[in-house]
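Below, each chain spelled out in residue letters.
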Amino acid sequence: MRLPPLNAVRVFEAAGRLNSFSRAAAELHVTPGAVSRQIAKLEAFLGVALFQRGAAEMRLTEAGARYLPVVRDALERLRDGTQALASGGQDTLHIWGSRFFIRLWLLPRLPGFQALHPGLPVRITTALPEDEPPADMDVAIGPDRPALAGLRSHKLLDRVVVPVCSPDYLRHAAALRQPQDLAHHALLQTPRDADDWQSWYALTGAPPVRLPRPITFTSTDVAYSAALDGIGIALGRQGFIEADLQAGRLVQPFTVALPSRGAFHLMIRDAEPLPARIVAFRDWILAQLDSPAPSR
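Thresholds applied
Residues numbered from 1 in each chain as written. Predicted model: local features only at pLDDT ≥ 70, side-chain atom pairs only at ≥ 80, totals over all residues. Heavy atoms only, no water. Helix = DSSP H or I, 4+ residues; strand = E, 2+ residues; numbered from the N terminus. Buried < 20%, exposed > 50% of the residue type's maximum accessible area, 1.4 Å probe, protein only. Areas by Shrake-Rupley, 256 points an atom, 1.4 Å probe, with all protein chains shown as cover. Lys, Arg positive; Asp, Glu negative; His and termini not counted. Charge placed at Lys NZ, Arg CZ, Asp CG, Glu CD. Pairing = 2+ DSSP bridges. Axes fitted to C-alpha atoms, helices over the stretch in contact; angles between N-to-C directions. Core = buried A, V, L, I, M, F, W, Y, C linked by side-chain atoms within 4.5 Å. Contact = heavy atoms within 4.5 Å. Right-handed = clockwise from strand over helix to strand, strands pointing away.

1. Focus: the overall build of the protein chain
Helix and strand counts for the protein chain stand at ten helices and ten strands. Dimensions of the protein chain along its principal axes, counting C-alpha atoms only, are 60 × 60 × 35 Å. Put simply, the protein chain has 296 residues, and 42% of those count as buried. Accessible area of the protein chain: about 15500 Å², with a carbon and sulfur share of 55%. Averaging the coordinates of the 32 positive side-chain charges in the protein chain and doing the same for the 29 negative ones gives two points 5 Å apart.

What follows is the structure in structure tokens.
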């Protein structure tokens, strides 16, 4: 098997993720020159340019942009496999699933699970919606994933969305008193929910207007972060936005809610008997569905 130079691959991942040789050098505790040499070594091995270098900026080439998620996935799998082996593997609860669900729903509640099971090591791997569950996961959480072969499915949350934005955005944006005012605002979305703004607006019964072309992000959590940062208005999922609403980080300018596709499911191996760690997590997370999110 002809593998690329692994140190150069690690340097490329950092430079591509941070979009900067100097920031990658700081993260890896090397000089920018060392980063540049490792990137050149990898480019020579592959026979393609991975970065376009200019006087004022550096950015990934088309080939580099295709290669970066491959490298990132491989390094994450190597890291996770190493951690699992070091911690005893089968004694660790491996939670795999949606980055959005894990960041906004699971992590605020996870201390409660750890308090109930203080001796249980937990390993969390985030994934994109189209990714397939890995063989070594204990439980998987994802949208629109009814029972797959060999997996038992439990529905967690339906997808119901409402407009949300930061108070700071409203202070500096055009007036937003009725739905048709959205024609003068920045709307945020992802490719998976490209029709939701039109569907939500139709549900309000407001007079027809031409909504602006939304700003599209590759992932839901990035679109949500953009709303928190005051970039525009996003359609936030009920069940995920409550803590930020309560803390005043977000406001809800309209109460109309749009039921949409994309329920989240908990998936576990269809085996009997289930290991105690999986039973403990399954029972805990299903019990949490009726509990409010802890404040952050």
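2. Here's the deal with the sheet that holds strand E6 (residues 151-164)
Sheet strands associate in pairs through backbone hydrogen bonding, adopting either a parallel or an antiparallel arrangement. The strand order across the open sheet formed by six strands is E4-E3-E5-E10-E6-E9, and the pairing between neighbours is mixed. A single partner strand is all that each edge strand has here, and the edge strands are strand E4 (122-127) and strand E9 (234-237). Taken pair by pair, the neighbouring strands of this sheet meet at an average axis angle of 20 degrees, ignoring direction. Relative to strand E5 (residues 139-143), strand E3 (residues 93-98) runs parallel, the two being bridged by three bridges. Residue tryptophan 96 lies in a different strand from E5, and its bridge partner there is alanine 140.

3. Side note on the nonpolar core
Ranked by size, the top nonpolar core spans 30 residues in total, and within it Phe101, Leu106, Ile141, Phe281 and Ile285 carry the most contacts. Elements represented by at least two residues in this core include exactly E3, helix H5 (99-116), E5, E6, strand E10 (258-269) and helix H10 (276-288). It is H5 that contributes the most residues to this core, eight residues altogether. For phenylalanine 281, the contacting residues outside a window of four places in its chain are Leu93, Ile95, Leu106, Phe113, Val139, Ile141 and Leu266.

4. Some remarks on the pairing of E4
Burial along E4 is one-sided: the residues Arg123, Thr125 and Ala127 are buried and none of Val122, Ile124 and Thr126 is. Across six bridges, the pairing between E3 and E4 is parallel. Following the sheet pairing, serine 98 is matched in E4 by alanine 127. Assessed by its sense of winding, the connection that carries the chain from E3 through H5 to E4 is right-handed.

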